[in-house]
Amino acid sequence: MNYAYEISHLLAGAMLVTSFALLYQERIAAVLKTFAAQSITLALAVAWAAWSQDRPDLFITALIAFTLKGIIIPVALHRTVARLGIHREVEKVVGVGIALIVGLALTALAQALLLKVAQGSASHAREELALALAIILLGFLMMIVRRNAVTQVVGFMSMENGLILAATGARGMPLVVEVSVAFSVLIALFVFAVFVFRIRERFDTIDIEALDRMRGDRR
Amino acid sequence: MTGDLVLQVLAQGAQMFFVLLIAPLAIGVVRQIKARLMRRQGAPLLQGYRDLAKLLRKESVVAESASWLFRAAPSLIFALTWVAAALVPSFASGLMFNWAADVVALVALLGAARALLALAGMDVGTSFGGIGSSREMMIATLAEPAMMLIVLTLAIAAGTTRLAGVADFFISEPLAVRVSLALSLVALIIVALAENARIPVDNPVTHLELTMVHEAMILEYSGRHLALIEAASYLKLVLYLSLLICLFAPFGMAPATAGVGGWLLGLLVWTAKLLGGAALLGVWEVSIAKMRVFRLPDFVGVAFIFGFLAILLAFLTGGAGQ
Amino acid sequence: MRGRALALVYPLSGLAALALAIVDLRVLLGGGEAVARLPIGLPGIGLHLRLDALSAFFGVVINGGVLAASVYGMGFDRAKELTPRVEPLFPLFAAAMNLVLIADDAYAFLFSWELMSLTSWALVVARHTDPESRRAGHLYLVMAAIGTTALLFAFGGLAGPAGGYAFDTIRAHAPGPAVAALVLAAALVGCGSKGGLIPLHAWLPLAHPAAPSHVSALMSGVMTKVAIYGFVRIAFDLLGPPAWWWALPPIVLGSVTAVLGLLYAVLDRDLKRVLAYSTIENVGVIFVALGLAIAFRANGQNAAAAVAMTAALLHALNHSWFKSLLFLGAGAVLHATGRRDLEGLGGLIHRMPHTALFFLVGALAISALPPLNGFVSEWLLFQAVIAAPALPQSALRFASPAIGAMLALAAALAAACFVRVYGIAFLGRPRSVEAAQAHDVPAAQQIAMGGLAGLCVLGGLFGSVLAQALAPLLRELVGSGLPNADHGPTPFSLIAFDPSRSIYDAPIIALFVAIASVTTVLVVHRLSARRTRRGPAWDCGFPDPSPATQYTASSFAQPLRRVYGAVVFAARETVVMPPPGDTRPARFSVATIDFVWNAAYGLPGRAVLRLSERLNALQFLTIRRYLVLMFTALVILLAIAAVMI
């Protein structure tokens, strides 16, 4: 039993490391590869949970995560980037060092919060939840500190990864909810892609700072 | 009683001697693996010994502007590194002076050797020495915080900073795949690469000034002084490999009570692990390119981040009530 | 007549310091206290004096420094140096510092504190024709006034509404939590400004270098320890049992000070200013140690508190030794070459061999390298940090890796800084005519430096003896001392918590290194008996005898400036290259922004000026308006009285 939790922690920790790696990358191609790695790690974590906790419905979630977010979406985004000729470099609001240090602070915050709030529940559930919360926060951080719309999409989807990891830890989440989560991801991606195409057509750029200047109601 | 004492002293002395003996062989293994992977024949495995012998026989030429510090530094650097390398538990934990092997003290001994080397680099008053010394001290400021975090993680896990104590703790624990230890392992590997001036931090075989760090500091040395400095750098590599083995792969280490037979077996296992580590280093050096100097903060910064994450995760799994 | 009297100042000060140090040692080691009450001072209260273990320890620190500075001062050539302005004030300064230590009531403390500030100010402006000295003196006076005002509030809070200013009365009733917090903050401002905590540090790098070198040694090595004493006295003795969050301000401010102080040091080109900035770093480290001691004590972890407190006290002692040594060495360099800027020094190891050797010991000691004394206190501090994750409060627990990382960074930066200073100033080739013609200093000054260097070595090897000597003092302050060396494998091992957990045995390691070096030298000389040959330095075939081609202080700092300076100081390098064919030289310039100065001094300074300009209008009112002011004040006073009574 201990062994099982060690492995699930290892996989969750690996996902956290990929969240940090997402903040570290300088090029969009590398960001997409790292996101694919994160999704595959998520799939492994969910599959391990399915096998060790004897919940076969989680295998389907793992499969969805693997195919959809591990392969299809990164490849599709890669093609989008290539076709639109978007800048290969990630435009940064703050430097890599500061983003990583803020990431560390957020991880500490998530941990401190959960150790206080969830005093009553079992320690392993608390730990998984702390790691998942940290991944969610780091995904959000990525959306804030990177200017490119593609990296915003990736940040959003890494938040989704964190949510799925958290949901895996919670017992008794039925398959229906998981399917709907997967579909919401798909729809979100579709919407983002449509927006990206439209914006690109009209404004010739998807750098959101440049887009911001076009807004009529600028403060 | 005295027989036991004599045996203990001999064992400690054997560790000190053996560490020195195996160092050029370890370097030889690294070079051989690199050469073979690049489809060259490469220098023979024992070339390290031959290099040291050759340098010892050669005349030592010292610049006119060099001072006594320049001539005294190599022996001191070698002695400091040798003592540090000899203190790391290798084939047996619990040898006579194992309590002196405090990891904070070891890191500081290496820091003293590095400061002396940097000073020696500045002594002649040329720009090569300045490049090497300034970059070396910068890399040290990046690597030391990461090292401190690694030590903190190990101390949280094992409750002690004595290397023998940490090794015993990890031997006694069931094989636990803990995230925090995995992260500190990666962090320690990066720190070891930075401290030993291996690729991607520094190229140990370069002589282009723009790419030199360690080589620039020792540019003026020749003859027996250079032999001592080269031997010190071999020993430093063995120290870090031995440290990695002691902390993260301590199985096979003979316990304190084993007799001569147990120690010999431990020695064999340790030598195998050491040379295996050297081979892995060779593979790594062939697979990656050297980074430019001002990308190094990013690279060593990864060690820092991993070290910090390791501690945060250690707090997590260690429980709220420590 | 006056000349002959003044010539006796240094020998007499040295003897007095020696006598006081012996008395203090006896009180520290033997226990017991001396109490006195003099009828001078405030009417009805008098002047309370007490020499207890804490005062005695800091007395040893201070009088040791005064002794070294006095011996150094005896080496001055009285015909040439600026001594008539300095000598009368020197013993007064030393006496004031000793008075602060034995003061047992708030009045005596503040009086001697101010006396200390004023005498040191007078020494700083000894060269009053130098605009740098004048500016330094001005800023020093302002900061000292701010510090004393803060201490006034601190003691006011401690005395309480009853107004009992004697320390005994204060100890008898501890203040409530809110008042205690204010007192702690005021003490941190008051003592921190004297010690050099950021953001109250700005006077230190101006004032310490401006004073004569042996006075700089006293100010940096010794006066800062008086500030530490003040903080320890208030936080550990007068305030009563601590709350856990009291630890956070010293820890945070201390670690920021440590790193920032060294970043300033690494980028500076003046030898004495670099040493002053390094003092700031060491004071920051001591405050971190004190903060950890508070945290452990508040949680009842007395063993860990003992480790942290020993680290703080030993670091204070060690720093006084090696910083005094370094400043005396800088004085020697200044005396020999007349230059203080690193860019004009070089090669002094050949011209001033003894000074170079002693300075090397000081530089290695301050970089916390074994087996010298700096490493003993650093090791203890790291052990305390390693014990910090056991604290229950999550703020402290999560802060511990951050503290550890910053302390490690400070240690590495200190090594980088002093390799730079020693390498540029003493090694290499001389960069100026003065450096090429330097000569070593008189015997008295060499003896002073040599004595301190010897103390650094002895303190490093026998650090456990020093730690044991502090055990009775520690039991008073935090309730327990370090484990006795008898528990350990050798009589001189320094044990942090218990022998199975962490031991640092300096003599054994030094013995090993000595054996290894001797063996190496013997074996190598057997195997290769050739002599060394002297030849020109390697120059890639382009011989260039000009010493301008070697690394300068700025170039040594360049990697650190790129990595850290770009973030912390917004350091930007610009190179202005004239077009080809133009014979003007290229210009390289570095622009840095001191954010701490702008925020903490520039902003309030401008605000105060604006406010005072507005208030200046009060000078030019009509008579009727003045009457309005007086009437309003009267009415408000009556209204307050009506409400309160």
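What you see is a predicted model, and the numbers here were worked out from it, not measured in a lab.

### Re the overall build of chain A
- Tallying secondary structure elements over chain A gives 8 helices and 0 strands in all.
- Scanning chain A from its N terminus toward the C terminus, one meets helices and strands in the order α-α-α-α-α-α-α-α.
- Burial analysis of chain A (219 residues in total) assigns 50% to the buried set.
- Excluding contacts between residues fewer than 6 apart, the proportion of contacts in chain A whose partners are at least 24 apart in sequence is 75%.
- Carbon and sulfur atoms form 68% of the exposed surface of chain A, whose accessible area is close to 10800 Å².

### Quick notes on the interface of chain C and chain B
- Each partner contributes residues to the interface: chain C has 75 residues there, and chain B has 81 residues.
- Interface area, chain C with chain B, both sides summed: about 6800 Å², of which 74% is carbon and sulfur.
- At the surface where chain C touches chain B, the tally comes to 1 salt bridge.
- In this structure, E59 of chain B engages R533 of chain C in a salt bridge whose closest nitrogen and oxygen atoms are separated by 3.2 Å.
- On the surface where chain C and chain B come into contact, there are 15 residue pairs in polar contact (both at pLDDT 80 or more).

### So, unusual backbone geometry
- Backbone torsion omega between I198 of chain C and P199 of chain C reads 5°, so that peptide bond is classified as cis.
- Checked against the element boundaries, P199 of chain C lands in the loop between α9 (177-195) and α10 (204-210).
- The omega torsion across P370 of chain C and P371 of chain C is -5°, close enough to zero to call that bond cis.
- You can see P371 of chain C is positioned in the loop between α16 (353-366) and α17 (373-387).
- The phi angle at R39 of chain B is positive, at roughly 60°, despite the residue not being glycine.
- Assignment of secondary structure puts R39 of chain B in the loop between α1 (2-37) and α2 (47-57).
- With a phi angle near 55°, A197 of chain B is a residue other than glycine that sits in the positive phi range.
- Here A197 of chain B lies in the loop between α7 (179-195) and α8 (214-217).

### With respect to the packing of aromatic side chains
All names here are of chain C.
- For the structure on display, the rule yields 25 aromatic pairs over all chains.
- Here the aromatic rings of F109 and F167 are separated by 6.4 Å at their centres, their planes lie at 50°, and the arrangement is tilted. Of the two residues, F109 sits in helix α6 (residues 106-124) while F167 sits in helix α8 (residues 167-172), which places them 58 residues apart along the sequence. F167 carries the same exposure label as F109, and that label is buried.
- Pairing W597 with Y601 gives two aromatic rings, centres 4.8 Å apart and planes at 10°, and the pair type is stacked. One end of the pair, W597, and the other, Y601, are both in helix α25 (residues 595-615), 4 residues apart, so they sit about a helical turn from each other.

### Regarding the nonpolar core
- Counting residues in hydrophobic clusters, the biggest one holds 411 residues, and the most contacted among them are M219, F236, L292, F296, M309 and Y422 of chain C.
- In this structure, M219 of chain C is in contact with F93, S120, V124, Y140, W203, A207, H208, A211 and T224 of chain C, ignoring residues within four places of it in sequence.

### Some remarks on the packing of helix α14 (residues 302-337) of chain C against α16 of chain C
Residue and element names in this part refer to chain C.
- At a closest axis distance of 9 Å, the pairing of α14 and α16 adopts a crossing angle of 145°. Between α14 and α16 lies a crossing of left-handed hand. Seen from α14, the contacting residues are F322, K323, L325, L326, G329, A330 and A332; seen from α16, they are T355, F358, F359, G362, A363, A365 and I366.
- Grouping the constituent residues of the contact of α14 with α16 by class yields 10 nonpolar, 3 polar and 1 charged.

### Here's the deal with the confidence of the model for chain C
- Chain-level statistics for chain C give a pLDDT mean of 88 and a share of 98% at 70 or above.
- Predicted complex metrics record ipTM = 0.93 and pTM = 0.90.

### Points about the packing of helix α5 (residues 89-102) of chain C against helix α11 (residues 213-238) of chain C
Residues and elements named next belong to chain C.
- In the contact formed by α5 and α11, the axes pass within 10 Å of each other and the chain directions differ by 15°. In this view, α5 runs roughly parallel relative to α11, as classed from their interaxial angle. Handedness of the crossing formed by α5 with α11: left-handed. On the side of α5, the interface is formed by F90, F93, M97, V100 and L101, while α11 contributes H214, V215, L218, M219, V222, M223, V226 and Y229.

What counts and what doesn't
Residues numbered from 1 in each chain as written. Chains lettered and ligands numbered in written order. Predicted model: local features only at pLDDT ≥ 70, side-chain atom pairs only at ≥ 80, totals over all residues. Heavy atoms only, no water. Helix = DSSP H or I, 4+ residues; strand = E, 2+ residues; numbered from the N terminus. Buried < 20%, exposed > 50% of the residue type's maximum accessible area, 1.4 Å probe, protein only. Contact = heavy atoms within 4.5 Å. Areas by Shrake-Rupley, 256 points an atom, 1.4 Å probe, with all protein chains shown as cover. Buried area = accessible area lost by both parts, 1.4 Å probe. Salt bridge = Lys/Arg side-chain N within 4 Å of Asp/Glu carboxyl O. Polar contact = N/O pair within 3.5 Å; in protein donor to acceptor, adjacent residues only side chain to side chain. Phe/Tyr/Trp six-rings, centres within 6.5 Å; stacked < 30°, edge-to-face > 60°. Core = buried A, V, L, I, M, F, W, Y, C linked by side-chain atoms within 4.5 Å. Axes fitted to C-alpha atoms, helices over the stretch in contact; angles between N-to-C directions. Left-handed = near helix turned anticlockwise from the far one by under 90°. Nonpolar A, V, L, I, M, F, W, Y, C, P; charged D, E, K, R; others polar. pLDDT = per-residue confidence, 0-100. Parallel < 35°, antiparallel > 145°, perpendicular 65-115°, else oblique.

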